[in-house]
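Overview (structure and organization)
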Amino acid sequence: MAESYANDPEWANITPIELDDGSESGAMPLATIAYPTEYLEATSYLRAVMAANEMSERALKLTKDVISMNPAHYTVWIYRAKILLALDKDILEELNWLNGVSLKYLKNYQIWHHRQVLISSKTHFPTMPPKEPDFLMEMFAQDSKNYHVWTYRHWLVRHFKLWDSPRELEDVEALIKADVRNNSAWNHRYMLRFGPRDDVPDAGMVNAGNADISPEEKGRLPVVDEDSVDAELKYAQEQILRAPENRSSWWYARGVLRAAGRGLGEWEEFVGRFVDGNVVKSSHAVEWLADVYGEGEKGKAVEMLTMLKEKYDPIRKNYWDYRIQQLGEVA
Amino acid sequence: MALVSGPGRAGGISSDQELHISKHVAYIKNLDTRKDELEYWLTEHLRLNGVYWGLTALHLLGHPDALPRNETIDFVLSCQKDNGGFGAAPGHDAHMLYTVSAIQILVTVDAVDELEKRGLGGKQKVGAFIASLQNKEDGSFMGDQWGETDTRFLYGALNALSLLGLLDLVDIPKAVSYIQSCENFDGAYGVTPGAESHSGQVFTCVGALTIAGRLDLVNKDRLGAWLSERQIDKGGFNGRPEKLPDACYAWWVGSSLAMIDRLHWIDGKKLASFVLQCQDPEAGGFADRPGNMVDVYHTHFGIAGLSLLGLEGLQEVDPVYCMPKSVIARCFAK
């Protein structure tokens, strides 16, 4: 950070633009802001160079100075990206610097968009920078459910077509191994295995945005690799056994069966292991059985839903009542 | 409006089930006296959002005149840029999120006509700015010209344009189809296609579909199941599976359930009890969880969530716009 921009010869030809906070018109009792002087000065020079759209080394340094004081200043990031590309700077060096900023400000999301803008440059990055997954794993070590980082990682997969990259699945498995309740990792796994590929528009599941497909058909793959489906179902079962009350793995299994166009019934035997008379090891298993029985044995389905309502999930009593009503008149 | 957290802490006493209205009013009014605190300028990038949160909370608390109306309008207008959009504070670039807050504030204080009198180009110019941020290919909306995409921006665009009576400036069918593409295998919605389901994003998607008149596209039972699962034993809602509860999700999850007519699927009493434990009974304000520092964001969404549950003493909130129902009724009666 410069000692003072006003005393720096490099900045002598710039007339800083003071913040017009409206206070001169007397309009602003709600928002007059007591800024630290360094920040006020730096941003006054920033306004001046931005107004002139100056693409220079000194402007680049200035953006870094402002970011170091306030990384949530959304305007400065846009300007910085423009300068980096205009001056043809070393983007890898920028990424290295960004890594540190990202680790320091875990909740900031301007940083992630900035990263995406830079890596989108096909001239600089015809393929993914090889250290990207390492850095993302470093971020996940801080917060393995960081929504910005996962959204960025999803973008990377689509941008560089990484659905079958071994590293993607390896990282997801490591994260699920470390915390089987990491719903973000489960979502990423689903996108890798069953999400739309590059021949169709992106969506949460195949055909989600397709108006010509009925809701029941959404998520169903046109071509199913049964071996892959079986492997994923086996994986889900292993994870369910680790933590039977974990919603994420149960939802994943439902998503896999949906993608394959297969019913919940094929898991009846496995799921039954968690519900033995009055000994219930997983409320999700009870719900699963209710869904299976709902197809034919409605009386048994009501029994399951009643267990959920009365014993395992009473906080959602009205929801379970609705489900019971939906089954209609049953003995 | 300062977004500085604290100074108070949420009481966290489960026996305290009273809403301390006058304390919350005083807390919000006093935010303006804290401009000498370090965090104040660090949150400058949220200032206009902060005014919307504070103002709306005051209206819901039944104290609509607690902030000076003229100064509020002056401040909003001072954030407008030449392109018609609004920045977070004077001198900041225009962005969707602040433009939406600006319109919500002006509608709440019944001053949209000020855009014609003193604004830069009237409401048509504001509408044109919002419309310019729609991606003509896929129907999504960006936050600003820089291109970040988020279902929040799409919802915000439809929210503000509908309040201004300018929905015809954008391609609604394309926007609707984009939202549909954000639906996940678990029945809920993410920030972009393929991103993990998140309660905040569910609110934006369901809200946008409601404004577009296309709630028929939502599988209400499936989404309702996912949303009601967000209530955990202590009564609070989390934003995603296996995450901690947070008072603000009383709003994001609760309003989404209300829009699809499934709010009764959760235990409202337990939810209200959790949110009330997040208030500071002495100095006012709400925190994310019992025992944590209060801030204006959680104060606003905590109160809005309680209003949704029909807590006595609060004005009714509109689940789509997150503004008082009476304000929305007045706006659409015009």
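All figures in this text were calculated on a predicted structure; none of them were measured in a lab.

**As for the overall build of chain A**
When you go through chain A residue by residue, the secondary structure sums to 15 helices and two strands. Relative to the globule expectation of 20 Å for 331 residues, the C-alpha radius of gyration of chain A, 27 Å, shows a markedly less compact shape. Dimensions of chain A, computed from the C-alpha atoms along their principal axes, are close to 85 × 50 × 40 Å. Burial statistics for chain A: of 331 residues in total, 37% are counted as buried. Contacts in chain A between residues at least 24 apart in sequence constitute 58% of all its contacts with a sequence separation of at least 6.

**Structural notes on the overall build of chain B**
For chain B, the helix and strand inventory stands at 15 helices and two strands. Taken against the 2.2 N^0.38 rule, which gives 20 Å for 334 residues, the C-alpha radius of gyration of chain B at 19 Å falls within 12% of a compact globule. Projected onto the principal axes, the alpha-carbon positions of chain B cover approximately 50 × 45 × 40 Å. Looking at chain B as a whole, 64% of its 334 residues are labelled buried.

**Overview of the interface of chain A and chain B**
Counting residues at the interface gives 55 residues for chain A and 56 residues for chain B. For the side of chain A that touches chain B, the secondary structure elements donating two or more residues are helix 1 (37-51), helix 3 (74-86), helix 7 (147-160), helix 9 (183-194), helix 11 (247-260) and helix 15 (317-326) of chain A. Its residues assigned to classes, the side of chain A that touches chain B shows 28 nonpolar, 18 polar and nine charged.

**Notes on the nonpolar core**
With 125 residues, the main nonpolar core has B:Leu154 and B:Ala157 as its most contacted residues. Residue contacts for B:Leu154: discarding those within four places in its chain leaves B:Ser140, B:Phe141, B:Ala175, B:Tyr178, B:Ile179, B:Thr204 and B:Ala208. In this structure, A:Met139, A:Phe140, A:Ala253 and A:Ala260 belong to the second largest nonpolar core, which totals 34 residues.

**Points about the packing of helix 14 (residues 298-312) of chain A against helix 15 of chain A**
Residues and elements named next belong to chain A. At their nearest, the axes of helix 14 and helix 15 sit 9 Å apart, and the two run at 170° to each other. As far as their axial angle goes, helix 15 and helix 14 are roughly antiparallel. Where helix 14 approaches helix 15, its residues Val302, Leu305, Thr306, Leu308 and Lys309 are matched on the opposing element by Lys317, Trp320, Asp321, Arg323 and Ile324. When its residues are assigned to classes, the contact of helix 14 with helix 15 shows five nonpolar, one polar and four charged.

**Comments concerning helix 1 of chain A**
Residues and elements named next belong to chain A. Taking 1.5 Å per residue, 15 residues should reach 21 Å; helix 1 reaches 21 Å between its end C-alpha atoms and fits that length. What helix 1 keeps buried is the set Ala42, Thr43, Tyr45, Leu46, Val49 and Met50. Down the axis of helix 1, the smallest arc covering the buried residues is 160°, so these residues share one side. Every exposed residue of helix 1 that faces more than 90 degrees away from the buried side is listed here: Thr37 and Ala51. Two residues or fewer past helix 1, Asn53 is found with a positive phi of approximately 50°.

**Examining helix 2 (residues 57-69) of chain A**
Residue and element names in this part refer to chain A. Taking 1.5 Å as the rise per residue, helix 2 with 13 residues should run 18 Å; its terminal C-alpha atoms sit 19 Å apart, in good agreement. Among the residues of helix 2, those classed as buried are Ala59, Leu60, Leu62, Thr63, Asp65, Val66 and Ile67. Here the buried face of helix 2 lies against helix 1 and helix 3.

**A short note on the environment of B:Ala66**
Residue and element names in this part refer to chain B. Examined against the element boundaries, Ala66 turns out to sit in the loop between helix 3 (47-60) and helix 4 (69-78). A count of 16 C-beta atoms within 10 Å places Ala66 in the partly exposed class. With 49 residues separating them along the chain, Ala66 and Gln17 place their C-alpha atoms 25 Å apart. Other than its neighbours up to four places away in sequence, Ala66 contacts Val25, Lys29 and Leu58.

**A look at the confidence of the model for chain A**
Here chain A averages 91 in pLDDT, and 93% of its residues register 70 or above. Low pLDDT (under 50) marks residues 22-34 of chain A, which in the prediction has 36 contacts with non-local residues, meaning those over four places away or in another chain.

Cut-off values and rules
Residues numbered from 1 in each chain as written. Chains lettered and ligands numbered in written order. Predicted model: local features only at pLDDT ≥ 70, side-chain atom pairs only at ≥ 80, totals over all residues. Helix = DSSP H or I, 4+ residues; strand = E, 2+ residues; numbered from the N terminus. Rg over C-alpha atoms; globule rule 2.2 N^0.38 Å. Buried ≥ 20, exposed ≤ 12 C-beta atoms within 10 Å, placed from the backbone. Contact = placed C-beta atoms within 7 Å. Nonpolar A, V, L, I, M, F, W, Y, C, P; charged D, E, K, R; others polar. Core = buried A, V, L, I, M, F, W, Y, C linked by C-beta atoms within 7 Å. Axes fitted to C-alpha atoms, helices over the stretch in contact; angles between N-to-C directions. Parallel < 35°, antiparallel > 145°, perpendicular 65-115°, else oblique. Expected span 1.5 Å × (residues − 1). Arc of directions from axis to C-beta. pLDDT = per-residue confidence, 0-100.

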